[in-house]
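Take a look at the letters that make up each chain.
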Amino acid sequence: MRLHPNLSELYRSNVASRAHALSDPSILTGALEIIRVLIERVTVLHERDGVQIELQGAVAAMIGLAQNELKSP
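Quick look at the structure, then.

Each value, and the rule that gives it
Residues numbered from 1 in each chain as written. Predicted model: local features only at pLDDT ≥ 70, side-chain atom pairs only at ≥ 80, totals over all residues. Heavy atoms only, no water. Helix = DSSP H or I, 4+ residues; strand = E, 2+ residues; numbered from the N terminus. Contact = heavy atoms within 4.5 Å. Areas by Shrake-Rupley, 256 points an atom, 1.4 Å probe, with all protein chains shown as cover. Pairing = 2+ DSSP bridges.

Broken down by element type, the protein carries 3 helices and 2 strands. Along the protein, helices (α) and strands (β) appear in the sequence α-α-β-β-α when read from the amino end. Of the contacts formed within the protein by residues at least 6 apart in sequence, a portion of 16% connects residues at least 24 apart. Entry remark: accessible area of the protein is about 6600 Å², with carbon and sulfur atoms responsible for 59%.

Structure follows, in structure tokens:
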């Protein structure tokens, strides 16, 4: 699989665009409701060197799929 040469910059731009969109109060409530549906459970683990957060639900599955696609063969 070939990755776009500027994939990290495209991702950064996409995240910045979405963060800016979520600052609009007229869509924030609806967006948060959608995100809540995708997350079944959040587990916070206190480690010696910080905190680890585990997400369970559809959002975790989507992240897992994205990470597998980005791994080199």
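Moving on, there is more to tell.
Our next topic: the pairing of strand β2 (residues 50–56). On a regular strand, one side chain projects to one face of the sheet and the next to the other, so that they alternate. Two elements, strand β1 (residues 41–47) and β2, share 7 bridges in a ladder whose sense is antiparallel. In the strand pairing of β2, V44 is matched with I53. Where β1 folds back onto β2 in an antiparallel hairpin, the turn is made up of 2 residues.

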